[in-house]
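# Observations on chain architecture
Chain residues, written in single-letter form:
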Amino acid sequence: LPPRSLSLSHTLTHNELQSTVLQLRETVLQQKETIMNQKDTIRELTAKLGRCESQSVLEPGDSKGGGAGRKGVFAKNTMGDLSRAPAAETLSQLGQTLQSLKTRLENLEDILQNKIDDLEKQVLSRVNSLEEGKFNPKNESEERGKIESTLTSLHQRISDLEKGQKDNRPPDRFQLTFPLRTNYMYAKVKKSLPEMYAFSVCMWIKSSASPGMGTPFSYAVPGQANELVLIEWGNNPMEILINDKVAKLPFVINDGKWHHICVTWTTRDGVWEAYQDGTQTGNGENLAPYHPIKPQGVLVLGQEQDTLGGGFDATQAFVGELAHFNMWDRKLSPGEVYSLATCSTRALTGNVIAWAEANIDIYGGATKWTFEACRQ
C-alpha cells in the first residue's frame, strides 16, 4: 500500500490510528504471502507439466478391462492423460487450468486491495471529522467513540480476510477440482460406510473430459476393490458397480456444465434408479441382489481403487469438478431428489456421508474452491 499520513491534534489519537493503519498494512502483506504460497502450487503444477512433455510416450497395449479386472495394460506413465488423449491436448488442458488458477489468485488480490483501501478511507474520514470538531470536547468525544467502534469492526473484517475465504463460507459450500488425469490427485472421505441394505448417493458434477470423465468415487473393502464404484471409462457410458456387478446409467453430463446426479439402490431384487438434474432418467433391477454393502472400507473421490485405498490408474482418474457428495442408507424419494437438484432450502444432507470440508482430506494437488452452482 502507498504510504499515507494522518494528522491529529491529539497525539494519543494520532498514535492509535497510525498503529491501526500499520496493522492493516501488515495484514495485507501477510495475505499476499499466502497468495504467493498459492502461486508456488502453480509453479509445482508447471513443473509437472514439464515432466508431462518429457514422458509423453505411450507403450502399445490392449484398451479393454478396468477396475480390479477392469484395468487396461497401459504404460504406467501417469503424469497426465497420456493414454487417452494426445500429449498436446493434455498440455493444453493443464495450461488452461493453470491460467484459471492464476486468474483466481489475481482476482483475490484485487478484492483484498480494494477492501483495504475502503477500510483506510473510512479511518481517514473519521480522522477528518475529528479534526473539524477538535475545538468542541463533546464532538471530539463522540467522534472518538465512533472511530473506536469503526476500528473494532475493521479488525474483525481484517481477521476474516486473514483467515481466508473458506472460513467465511458455510462448511458445505466448496467443490473439489481435479484438473487432469493422474494417479496422485484424489480426496479421501474420513468416515467409512456402515453395512447398508439400501443407499442413495447424490452429487453435483462438472466435466468435459473425453473420452470418459473417469471415476467420481470408489469404495473398496478388504477382498473387494469394487464394492461400490461410479465410473465413466473410455467410450463406455457411466456405470455403477456393486460387488463387481455392473449397471449402465443413462447420464448425459459430459458437457462442461454443472449437473446433479443421484443413484438409489436396494438389496431386495437389486432395484436401482438414476436421476439427472432432478428427473429420473433410468431404472433397473438384479444389480447385486441381496448383497449388503460391506462396512469398514475406504471411500475415495476422484480415483478408482485396485487395492484398499490405492492402486490408482491415471486412465481411470476423474477429471472435472465435484461437490455436495452425500450418501444415505435408504432410498430417497423423487421429491427429495428434486429438492437436492434445485438447491431447495428443504434439501437433506446425507445421514451416512455429509458434504463438509472437515470430512474430506485432499491429496496430490487437487484443490478446493467455493461452490457456486447453488446460489440461494
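Residues numbered from 1 in each chain as written. Predicted model: local features only at pLDDT ≥ 70, side-chain atom pairs only at ≥ 80, totals over all residues. Heavy atoms only, no water.

- If you look the protein up in an unreviewed UniProt entry, it shows as Neuronal pentraxin-1 from Cuculus canorus.
- The Cofactor (unreviewed entry) field of the UniProt record for the protein holds the comment "Ca(2+)". (UniProt positions renumbered as here; feature names shortened; annotations may be inferred.)

## What to know about the overall build of the protein
- Regarding its fold elements, the protein presents 4 helices and 14 strands.
- In the protein, 71% of the contacts between residues at least 6 apart in sequence involve partners at least 24 apart.
- Summed over its atoms, the accessible surface of the protein is roughly 17,700 Å², and 49% of this surface lies on carbon and sulfur atoms. (Helix = DSSP H or I, 4+ residues; strand = E, 2+ residues; numbered from the N terminus. Contact = heavy atoms within 4.5 Å. Areas by Shrake-Rupley, 256 points an atom, 1.4 Å probe, with all protein chains shown as cover.)

## Description of the state of the cysteines
- Under the criterion given, the structure shown has 2 disulfides.
- Covalently, Cys343 is tied to Cys374 through a disulfide, its sulfur atoms 1.8 Å apart. Taking the sign of the S-S torsion, about -70° here, the bridge from Cys343 to Cys374 comes out left-handed. Of the two residues, Cys343 sits in the loop between helix H4 (334–341) and strand E13 (360–363) while Cys374 sits in the segment after strand E14 (367–370), which places them 31 residues apart along the sequence. Just as Cys343 is buried, Cys374 falls in that class too.
- By sequence-ordered numbering of the bonded cysteines, the protein has its disulfides arranged as 1-2, 3-4. (Disulfide = S-S within 2.5 Å. Buried < 20%, exposed > 50% of the residue type's maximum accessible area, 1.4 Å probe, protein only.)

## Considerations on the pattern of salt bridges
- If you walk through the whole model with that rule in mind, you get 6 salt bridges.
- The residue Glu321 makes a salt bridge to Lys206 at a minimum N-O spacing of 3.6 Å. Here the residue Glu321 occupies a position in strand E12 (residues 320–328), and Lys206 occupies one in strand E3 (residues 198–206), the gap between them amounting to 115 residues.
- Between Glu239 and Lys248 there is a salt bridge whose closest N-O contact spans 2.9 Å.
- The exposure class of Lys248 is exposed, given its relative accessible area of 51%. (Salt bridge = Lys/Arg side-chain N within 4 Å of Asp/Glu carboxyl O.)

## Quick notes on the layout of surface pockets
- Looking at the second largest pocket, its volume works out to about 470 Å³.
- In terms of lining, the second largest pocket is formed by 19 residues, of which the most central are Thr97, Thr177, Pro179, Gly320 and Glu321.
- Those elements that place two or more of their residues in the lining of the second largest pocket are helix H2 (87–132), strand E1 (174–178), E12 and E14.
- It is H2 that contributes the most residues to the lining of the second largest pocket, 6 residues altogether.
- Residue classes in the lining of the second largest pocket are distributed as 6 nonpolar, 10 polar and 3 charged. (1 Å grid on protein atoms, 1.4 Å probe; cavity = no way out; pocket = protein on both sides within 12 Å on 5 of 7 lines; lining within 4 Å. Points joined across faces, edges and corners; volume = space filled by probe spheres on them. Nonpolar A, V, L, I, M, F, W, Y, C, P; charged D, E, K, R; others polar.)

## Quick look at unusual backbone geometry
- Here the amide bond leading from Ser210 into Pro211 is cis, since omega sits at -5°, within 30 degrees of zero.
- Of note, Pro211 is situated in the loop between E3 and strand E4 (214–221).
- Of note, the phi angle at His324 is positive, near 50°, even though the residue is not glycine.

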